[in-house]
Amino acid sequence: MTTFSLNVPNFGTTLAENSYGKLVQVCQSAEAAGFDRVLVTDHVVMGSDNSAYTWSAFPTEPDANWLEPLTVLAFVAGQTKTIRLGTGIVIAALRGGAVLAKTAATLDLLSGGRLDLGVGTGWQEREYDAVGMDFGKRGPLLDDALAVCRALWSSAPASIDTPRLKFDDVYCAPRPSAGIPIWVSGSLSKSVVRRVATWGDGWIPIMGAADDDLREGIDVIGKAMAELGRDPADLQVRGRLTVVRGTDGSIDLPATMLGAEQLLESGATDVLVALAAVDPDPDAAMEEFGELVSAFATVTR
């Protein structure tokens, strides 16, 4: 199934109006227009040095509001009905696997099974310092968190035995009846490929990944999944859509959807557009939602 997702900023002042009621309004508008999913992202704390963020200019000052994503999605869940609710990403290890498993399962239950859990290691050492974790071990810590989530969601009692973590005879309810899709972010490093193949339902390529990167990633991850007895055809892949504008500043829908077609041809199953890319003004962006969704539908027919 091909899906169309909207990245909504849960940080800064863009949607801060009415105590972030504007954020809910954008999500409701996205649902009404026919978007399949809204996504928010994560930072627990912020240091003053953001030089490790290398993809673009960092979007906020260190002391800007950055709302906790799972809390935001719980709030949005209560004011929407059908749209899926995703993190793109949450820094899973910072919460610990058991707490994350409980929080995610609760949100999934109360939202009617609408949660997609996008996870990653993050890029900022300060966040690991703040919770007393070793940034240098962020990959294995994420592995443990995902192993714990899968165990607690699927078994009663559950047990875990890794080099860093061991428990048994543990119960954690609610358990998601249909499972919670896990989307793993990262490059095509051996650890990310193994992580996606072992625990992931979806792969979130790093920002700026080209079409060829998607193709290569799908091939490499698919082979790793097959080796574990999983069907590579089940892998979901996110592609980031570039919004093209005409000379008058309005969205050039044919050119933009050409980009969507190229993403889909490269193997993306989910196409993501950022709210700010639609229009920096949220009210103007919401006016464009319907046309974008309709145009995307013509690409996927």
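Residues numbered from 1 in each chain as written. Predicted model: local features only at pLDDT ≥ 70, side-chain atom pairs only at ≥ 80, totals over all residues. Heavy atoms only, no water.

Student: Pulling in residues and values, what's your account of the sheet that holds strand β3 (residues 84-91)?
Tutor: Remark on secondary structure: sheet strands pair via backbone hydrogen bonds, oriented parallel or antiparallel. If you walk around this closed barrel you meet the 8 strands as β1-β2-β3-β4-β7-β8-β9-β10, and the pairing is parallel. Put simply, the sheet's adjacent strands are angled 25 degrees from each other on average, direction ignored. (Pairing = 2+ DSSP bridges. Helix = DSSP H or I, 4+ residues; strand = E, 2+ residues; numbered from the N terminus. Axes fitted to C-alpha atoms, helices over the stretch in contact; angles between N-to-C directions.)

Student: Tell me about the UniProt feature "domain: Luciferase-like" (unreviewed entry) in the chain, residues and numbers included.
Tutor: Annotation from UniProt places "domain: Luciferase-like" (unreviewed entry) at residues 12-244. Secondary structure within residues 12-244 divides into 39% helix and 17% strand; the distance between the first and last C-alpha atoms comes to 25 Å. (UniProt positions renumbered as here; feature names shortened; annotations may be inferred.)

Student: How would you summarise the layout of surface pockets if you had to cite specific residues and measurements?
Tutor: There is about 170 Å³ of room inside the second largest pocket. Here the element with the most residues in the lining of the second largest pocket is helix α3 (residues 97-110); it accounts for 3 residues. Within the lining of the second largest pocket, the residues separate by chemical class into 6 nonpolar, 3 polar and 3 charged. (1 Å grid on protein atoms, 1.4 Å probe; cavity = no way out; pocket = protein on both sides within 12 Å on 5 of 7 lines; lining within 4 Å. Points joined across faces, edges and corners; volume = space filled by probe spheres on them. Nonpolar A, V, L, I, M, F, W, Y, C, P; charged D, E, K, R; others polar.)

Student: Summarise the pairing of strand β5 (residues 158-161); cite the residues concerned and give the values.
Tutor: Alternating positions in β5 separate cleanly, A158 and I160 being buried on one face and S159 and D161 remaining unburied on the opposite face. As paired strands, β5 and strand β6 (residues 166-170) are joined by 3 bridges and run antiparallel to one another. Its bridge partner lying in β6, D161 is registered against K166. Where β5 hands over to β6, the hairpin turn is made up of 4 residues, counted between the paired strands. (Buried < 20%, exposed > 50% of the residue type's maximum accessible area, 1.4 Å probe, protein only.)

Student: Could you give an account of the side chain of N10, with specific residues and numbers?
Tutor: Positionally, N10 belongs in the loop between β1 (3-7) and α1 (17-33). Only 2.8 Å separates the side chain of N10 from the backbone oxygen of T41, close enough to count as a polar contact. For N10, the residues in contact, after removing those within four places along its chain, are L23, V40, T41, W66, L67, P69 and V72. (Polar contact = N/O pair within 3.5 Å; in protein donor to acceptor, adjacent residues only side chain to side chain. Contact = heavy atoms within 4.5 Å.)

Student: If you had to explain helix α2 (residues 69-77) to someone new, which residues and values would you point to?
Tutor: Taken together, the buried positions of α2 are occupied by P69, L70, V72, L73, V76 and A77. An end-on view of α2 places all buried positions within 155 degrees of arc, on one side of the element. Along its buried surface, α2 packs onto α1, β2 (37-40), β3, α3 and β4 (115-120). Between a side-chain oxygen at the N-terminus of α2 and the backbone nitrogen of L70 the separation is 3.1 Å; the capping residue is E68. (Arc of directions from axis to C-beta.)

Student: Explain the packing of helix α8 (residues 253-265) against helix α10 (residues 282-300) residue by residue, including any values.
Tutor: Contact geometry for α8 and α10: axes closest at 10 Å, N-to-C directions at 45 degrees. One way to sum up the angle between α8 and α10 is to call them oblique. Pair α8 / α10 crosses with right-handed handedness. Here α8 contributes L253, M257, A260, E261 and L264 to the contact with α10, which in turn contributes E291, L292, A295, F296, V299 and T300. (Parallel < 35°, antiparallel > 145°, perpendicular 65-115°, else oblique. Left-handed = near helix turned anticlockwise from the far one by under 90°.)

Student: Could you give an account of the pairing of strand β10 (residues 270-274), naming the residues involved and the relevant values?
Tutor: The buried count for β10 comes to 4 of 5 residues, which makes it a mostly enclosed element. Two strands pair when backbone bridges link them, and β1 and β10 are joined in this way by 5 bridges, in the parallel orientation. Residue L6 lies in a different strand from β10, and its bridge partner there is V273. Looking at chain direction, strand β9 (residues 236-240) and β10 are connected through 3 bridges and run parallel. Across the sheet, R238 pairs through a bridge with D270, a residue of β10. Crossover connection from β9 via α8 to parallel β10: handedness right-handed. (Right-handed = clockwise from strand over helix to strand, strands pointing away.)

Student: Quick rundown of the packing of aromatic side chains? Include the residues and the values.
Tutor: With the rule as written, the count across this model stands at 10 aromatic pairs. Each ring, one from F11 and one from W66, has its centre 4.3 Å from the other, and the planes form 25 degrees; the classification is stacked. Here the residue F11 occupies a position in the loop between β1 and α1, and W66 occupies one in the loop between β2 and α2, the gap between them amounting to 55 residues. Exposure class is identical for F11 and W66. Each is buried. Judged by centre distance (5.6 Å) and plane angle (70 degrees), the rings of F58 and W123 are edge-to-face. Of this pair, F58 sits in the loop between β2 and α2 while W123 sits in the loop between β4 and α4 (125-130), and the two are 65 residues apart along the sequence. Taken individually, F58 and W123 each receive the classification buried, so the pair is uniform in this respect. Aromatic ring contacts, followed pair by pair, group F11, Y53, W55, F58, W66 and W123 into a single cluster. Sitting over the ring of F135, R138 keeps its end group 3.9 Å from the ring centre. (Phe/Tyr/Trp six-rings, centres within 6.5 Å; stacked < 30°, edge-to-face > 60°. Lys NZ or Arg CZ within 6 Å of the ring centre and 35° of its normal.)

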